[in-house]
Amino acid sequence: MDHSGWLKRYRLKPHLPRHVAIIMDGNGRWAKKRHLPRIAGHRAGALSIREIVRLSGQLGLTALTLYAFSTENWKRPRKEVSLLMQLLKQYLRSEVAELLQNNVRLGTIGNTGDLPREIQEELKNAIQITSRCTGLNLILALSYSGRADLTEAVRKIAKKVKSGKIKLASVREETIAKELSTKNLPEVDLLIRTSGEMRISNFLLWELAYSEFHVTKTLWPDFRTPHFIAAIRDFQKRQRRFGGVESVVGSVISWAR
Ligand code: IPE
Ligand code: IPE
Ligand code: MG
């Protein structure tokens, strides 16, 4: 079935967000409710990732960015961090064939150099294997910090100014956008956060300037196809004005700006 077939099946309008970003939160609470260890929640969360990635490809989204591990998450108990890393390794190993089959191209943002060496190898491998895929761009935010990404961009620009490569007066918004790790991605049209928390938690600080927000109480391991469709339907009802006066109902004009 092609993209429009899937849109019809889910009764969605044709104007989709090009880029959806998700703060996948609530794995721990999901496990706690069931008197299970936190890692059981992360494991169940991996199944949600599989389902949402497949669905995003079917619908024809351009990019899906998933907040999988923040720089602040290193502060968690060592045991949880190491189990999370193990889970990530398993995910990469078991999913690569499925990604390839679904024409999904994998990428990352964040300081992946902080990750255990074996995970870096696994990532490199999966990125290389899927590099020719032309469907959905799946971006995993790993050891990611929005502030760190902006700080790094400032450092790079300052270096260029200092060496005379660019003039101070020519530093514009695009100059900054081009130094961020998201430089090759379309604007984030829709941000989803699960488990009800109303905060950004150092995710895409610059990139969320005009994104539509959809916060749901549903915990990430419970977030499946119907919830994602509901989030997109919610997006399609929004009046996006980008600071102007004419209302653009749910439409994606980000690349026309
Ligand atoms: C999100 O779930 C997954 C990661 C941050 C890795 P949490 O582990 O934050 O779950 P809660 O917020 O404790 O429920
Ligand atoms: C945000 O969730 C980070 C990820 C989903 C990877 P957290 O659970 O770490 O965020 P806070 O602590 O609620 O802000
Ligand atoms: Mg959390």
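Located above this text is the structure these notes cover.
Below you will find a few notes about this structure. (Residues numbered from 1 in each chain as written. Chains lettered and ligands numbered in written order. Predicted model: local features only at pLDDT ≥ 70, side-chain atom pairs only at ≥ 80, totals over all residues. Heavy atoms only, no water.)

Let us now look at the overall build of the protein chain. When its secondary structure is counted, the protein chain shows eight helices and eight strands. Relative to its length of 257 residues, the protein chain is compact, with a C-alpha radius of gyration of 19 Å against a globular reference of 18 Å. Across the 257 residues of the protein chain, 48% fall into the buried class. Taking as baseline every contact in the protein chain between residues at least 6 positions apart, the subset at least 24 positions apart corresponds to 74%. Total accessible area on the protein chain stands at roughly 13900 Å², and carbon and sulfur atoms take up 52% of it. (Helix = DSSP H or I, 4+ residues; strand = E, 2+ residues; numbered from the N terminus. Rg over C-alpha atoms; globule rule 2.2 N^0.38 Å. Buried < 20%, exposed > 50% of the residue type's maximum accessible area, 1.4 Å probe, protein only. Contact = heavy atoms within 4.5 Å. Areas by Shrake-Rupley, 256 points an atom, 1.4 Å probe, with all protein chains shown as cover.)

Take Ser48: it is sitting in helix H3 (residues 38-59). The exposure class assigned to Ser48 is buried, which follows from its relative accessible area of 0%. From its side chain, Ser48 meets the backbone oxygen of Phe223 in a polar contact 3.3 Å long. Setting aside residues no more than four positions away along its own chain, Ser48 makes contact with Trp220, Pro221, Asp222, Phe223 and Arg224. (Polar contact = N/O pair within 3.5 Å; in protein donor to acceptor, adjacent residues only side chain to side chain.)

Around ligand 2, the structure places Ile23, Met24, Asp25, Tyr67, Ala68, Phe69, Ser70, Asn73, Arg76, Arg193, Arg199 and Ser201. Between ligand 2 and Arg76, the relevant distance is 3.4 Å, taken from an oxygen atom to a side-chain nitrogen or oxygen of the residue. With respect to ligand 2, the side chain of Arg193 contributes an N or O atom lying 3.3 Å from an oxygen atom. Contact with the protein chains removes 78% of the 390 Å² of surface that ligand 2 exposes when unbound. Given that more than half its atoms are within 2 Å of the pocket grid, ligand 2 belongs to the largest pocket. (Near = heavy atom within 4 Å. 1 Å grid on protein atoms, 1.4 Å probe; cavity = no way out; pocket = protein on both sides within 12 Å on 5 of 7 lines; lining within 4 Å. Sits in = over half its atoms within 2 Å of the grid points.)

What follows concerns the packing of aromatic side chains. If you walk through the whole model with that rule in mind, you get eight aromatic pairs. Between Tyr67 and Tyr144, the aromatic rings sit 6.0 Å apart at their centres with planes inclined by 85°, giving edge-to-face as the arrangement. Residue Tyr67 is found in strand S2 (residues 63-70), and its partner Tyr144 is found in strand S4 (residues 137-144); the two are separated by 77 residues along the sequence. Note on accessibility: Tyr67 and Tyr144 belong to one class, buried. Pairing Tyr144 with Phe203 gives two aromatic rings, centres 6.0 Å apart and planes at 85°, and the pair type is edge-to-face. Residue Tyr144 is located in strand S4, and its partner Phe203 is located in the loop between strand S5 (190-193) and strand S6 (212-215); the two are separated by 59 residues in the primary sequence. When sorted by exposure, Tyr144 lands in the same class as Phe203, which is buried. Aromatic rings pair up to connect Tyr67, Tyr144 and Phe203 into one cluster. The side chain of Arg34 reaches across the aromatic face of Trp30, ending 4.0 Å from its centre. (Phe/Tyr/Trp six-rings, centres within 6.5 Å; stacked < 30°, edge-to-face > 60°. Lys NZ or Arg CZ within 6 Å of the ring centre and 35° of its normal.)

Attention now goes to helix H6 (residues 146-162). An ideal rise of 1.5 Å per residue puts 24 Å on 17 residues; H6 measures up with 24 Å between its terminal C-alpha atoms. Of all the positions in H6, only Gly146, Asp149, Ala153 and Ile157 are classed as buried. Taken down its axis, H6 places every buried residue within 70° of arc, on the same side. For H6, the exposed residues set more than 90 degrees away from the buried face come down to Arg147, Val154, Arg155, Lys159 and Lys162. Buried positions along H6 lie against S4 and helix H7 (173-177). Gly164 occupies a position one or two residues after H6 and carries a positive phi of about 85°. (Expected span 1.5 Å × (residues − 1). Arc of directions from axis to C-beta.)

Turning to the pattern of salt bridges, a few remarks are in order. Within the structure shown, the criterion is met by 17 salt bridges. The residue Glu179 makes a salt bridge to Lys160 at a minimum N-O spacing of 2.6 Å. Taken together, the positions of Glu179 in the loop between H7 and S5 and Lys160 in helix H6 put the pair 19 residues apart, joining distant regions of the chain. Salt bridges sharing common partners tie together Asp25, Arg29, Arg193, Glu197 and Arg199. (Salt bridge = Lys/Arg side-chain N within 4 Å of Asp/Glu carboxyl O.)

On to the layout of surface pockets. Its boundaries defined by the atoms lining it, the largest pocket holds a volume of some 690 Å³. Around the largest pocket sit 31 residues that line it, and Met24, Tyr67, Ala68, Phe69 and Asn73 are the ones nearest its centre. Here the lining of the largest pocket is composed, by residue class, of 15 nonpolar, eight polar and eight charged. (Points joined across faces, edges and corners; volume = space filled by probe spheres on them. Nonpolar A, V, L, I, M, F, W, Y, C, P; charged D, E, K, R; others polar.)

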